[in-house]
There are 2 protein chains.
Amino acid sequence: MSRDKLRESCQQPIDHFGFDENLTFQQRYLVADQYWKKDNGPILFYTGNEGDITWFCNNTGFMWDVAEELNAMLVFAEHRYYGESLPFGNESFSDSKHLNYLTSEQALADFAVLIEYLKRTIAGARYSPVIAIGGSYGGMLAAWFRMKYPHVVVGLRTFNSLCMQTYGIVLQRYDAGLQWLSSAFHLCSPLKNLQDAAVLKNWLSETWINLAMVNYPYKADFLQPLPAWPIKEVCKFLKDPSLSDKLLLQNVFQAVNLYYNYSGEASCLDMSETATKNLGQLGWYYQACTEMVMPMCTDGVNDMFEPQKWDFDALSEECYRLWGVRPRPSWILSMYGGKNISSHSNIVFSPPPPSKYRFPNCVSASGAIIWQELQRTQPEAPREARDSVVFSWHA
Amino acid sequence: MSRDKLRESCQQPIDHFGFDENLTFQQRYLVADQYWKKDNGPILFYTGNEGDITWFCNNTGFMWDVAEELNAMLVFAEHRYYGESLPFGNESFSDSKHLNYLTSEQALADFAVLIEYLKRTIAGARYSPVIAIGGSYGGMLAAWFRMKYPHVVVGLRTFNSLCMQTYGIVLQRYDAGLQWLSSAFHLCSPLKNLQDAAVLKNWLSETWINLAMVNYPYKADFLQPLPAWPIKEVCKFLKDPSLSDKLLLQNVFQAVNLYYNYSGEASCLDMSETATKNLGQLGWYYQACTEMVMPMCTDGVNDMFEPQKWDFDALSEECYRLWGVRPRPSWILSMYGGKNISSHSNIVFSPPPPSKYRFPNCVSASGAIIWQELQRTQPEAPREARDSVVFSWHA
């Protein structure tokens, strides 16, 4: 199937909700219309999330899968402050003043204005029904887009999950020297103090969390080049908890090495390389420090991590230190209604969050299943009965 | 019926949609709970519009009428930048920077946050269904509130109208001297030049428009103290178009004198006194210069005014000169969907706009019927079958 797409851009107000500064920026979007039925065939609209849109475009096989079948145009809209859609260019992240327009509300307004622009400028698109599609944060955006702008999108499909894959790595025990650890983990920069050891632990935790996000049933290269079912591969090294601490840690290295060095070409592992280098970490961190407050906690009983309570005050202090802003934890619920969404229609959440992974007072927001569903162009990926809703919307 | 109410205030972020400046202000609201059934009885929530909230509270008899019947709590929320709810105190209107947070989106967010605050802090209100009520711009806000925050309000009733009352005053002809006009109209400050004469004409036009808004079937004091059916009273002076110009103008004075001087106590008429002194003209002008762009026009054929075409560019220049901002005429349609509201539920528009008053390319946004419906505590005011929807919502 041809995956040709056009790279376009649309002029957007930097501030949809204020009129003091009348500045604009170019929002990037990608269009694939080779399967589109020009006489108002449907538009599948990807509500871009925290990263470069080309990367999401190449990893959202679901949309390419159904494009021909639905005679649909595909549009992938980049989220402001990510990829090339930087409102103030290189200055975009320079301070809280420049970051002030990085919110979900501004992003949704961009999408609404962009869709109207497309309908106005593309011949034959004026009455095209638009279906929003997104995963993870983009899935929230897709759902919120339908809630707030139902006159713009007829429906949507989100690929969201609140689950966290868990597996049996035991990491609570080590007392070996820093040098031994640096060597055992083939670290490019040796650990110098206990702070560095804490960084190592965080880096490992993050790796497991992100690994869960890309547990595809086929070989893929989303966050990193990885084999099919990478968690199963990783877990092969971690089957025996009765081993000595040192052996356990060496096995943990084997596991993490599979994630960062599947090609075998790296001579050492670099902790400054984040697990999600393609995602716009900086922007997401700011969003998590303002409106996207997602309480996270671990207890070592229901999960595999060291116990860590949710500490809002600490987050608030950290956010103020880093960005000069303070989070408003209840705002997103006021704005979008949380779970109280019964007044809305035409929203398909796929799959529903499995209750066994729900935490009572905090959530973790990654899950392989999201991207597995969205990627799906591989024959190994199960295709359940999914298109009926999409078909009925655009019929 | 007791109209006692409590005056309260709620701390609100000045900017709900940005995190750079974490400033807050006190939003005023009035509460009347003497008829409220404490065990989650309904809340009727007045979405304040462009003026002092006490004034709207005293002129919204509809809510007082039904409070006892519905065991409802009444809440009248003041719109930011009006009355006492000034985000920056006396500086609020000083420049475009301070005015930047005067938008419908910020006002709706205030309402959402306020309702959640009320439900959290008033014992027995946690599960109270909330019904939004408003008229004119407040009617738009009530409708938009349900559209954007359906998790906060279960439904609403708006009292909107796009009609303009027309009657047969002929004002196109005068060529008498400025002095004669000043004297004939008993003006406190005599007309000095043709610009002043133009101000007189505008002042008269505005008066007729606002008179239409308060054409109650009973004696009232909404914008001005007026007799019942004031338009009928005014028109008594304007029945004979065949009179000489001077007599016609003297009759126009009688008509306008009835509006500004019904008590008979004024020794002269003051053109600087606007027809709507209780409304926050300054704030509304800014809103009309940013997102609330409402094309107005007259043609002298379908209406009684001198022809005046809608000129967006002139408005834009004027707005820039006055406020340093430019209007975005399509934004409000992108944000709220215009007439495309079929995805929404539980919205009662009352009454539907009469088609004969619709202009093809522009609208005029005043109408007696709005405030007549909302005021309705007088026996003369017809009470049609109206409460069924309200009852079914809160049942």
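Residues numbered from 1 in each chain as written. Chains lettered and ligands numbered in written order. Predicted model: local features only at pLDDT ≥ 70, side-chain atom pairs only at ≥ 80, totals over all residues. Heavy atoms only, no water.

**Q** For the pattern of salt bridges, give the residues involved together with the corresponding values.
**A** Following the criterion strictly, the structure yields 20 salt bridges over all chains and no others. The closest approach of N and O atoms between Glu78(B) and Arg28(B), which form a salt bridge, is 2.7 Å. Pair noted here: Glu78(B) is in the loop between β4 (73-77) and α3 (104-121) and Arg28(B) is in strand β2 (residues 24-32), with a separation of 50 residues, a long-range link. Several salt bridges converge on common partners, so that one network encompasses Arg7(A), Arg28(A), Asp52(A), Glu78(A) and Glu84(A). (Salt bridge = Lys/Arg side-chain N within 4 Å of Asp/Glu carboxyl O. Helix = DSSP H or I, 4+ residues; strand = E, 2+ residues; numbered from the N terminus.)

**Q** I'd love a proper account of the interface of chain B and chain A, names of residues and values included.
**A** Taken together, the contacts link 40 residues of chain B with 39 residues of chain A. Between chain B and chain A lies a buried interface of about 3400 Å² when both sides are counted; carbon and sulfur atoms form 51% of it. When the buried surface of chain B facing chain A is broken down by residue, Phe17(B), Phe19(B) and Arg328(B) rank first, second and third, together holding 25% of it. Inspection of the chain B/chain A interface yields zero salt bridges. Connecting chain B to chain A are 22 residue pairs in polar contact (both at pLDDT 80 or more). Among the elements of the structure, α3, α4 (137-148) and α11 (331-336) of chain B are those that each provide at least two residues to the side of chain B that touches chain A. Tallied by class, residues from the side of chain B that touches chain A come to 15 nonpolar, 14 polar and eleven charged. (Contact = heavy atoms within 4.5 Å. Buried area = accessible area lost by both parts, 1.4 Å probe. Polar contact = N/O pair within 3.5 Å; in protein donor to acceptor, adjacent residues only side chain to side chain. Nonpolar A, V, L, I, M, F, W, Y, C, P; charged D, E, K, R; others polar.)

**Q** Describe α3(B), and please don't skip the residues or the numbers.
**A** Between its terminal C-alpha atoms α3(B) stretches 25 Å, which fits the 26 Å expected from 18 residues at 1.5 Å a residue. Here α3(B) lies mainly inside the structure; 13 of its 18 residues are buried. (Expected span 1.5 Å × (residues − 1). Buried < 20%, exposed > 50% of the residue type's maximum accessible area, 1.4 Å probe, protein only.)

**Q** Report on the pairing of strand β5 (residues 130-135) of chain A, specifying residues and quantitative values.
**A** Regular strands place side chains that alternate from one sheet face to the opposite one. All names here are of chain A. Across the six residues that make up β5, a large majority, six, are buried. On β5, burial covers both faces: Val130, Ala132 and Gly134 on one face and Ile131, Ile133 and Gly135 on the other are all buried. Examined bridge by bridge, strand β3 (residues 43-47) and β5 share four bridges and lie parallel to one another. In the sheet register, Leu44 faces β5, and the bridge partner there is Ile131. (Pairing = 2+ DSSP bridges.)

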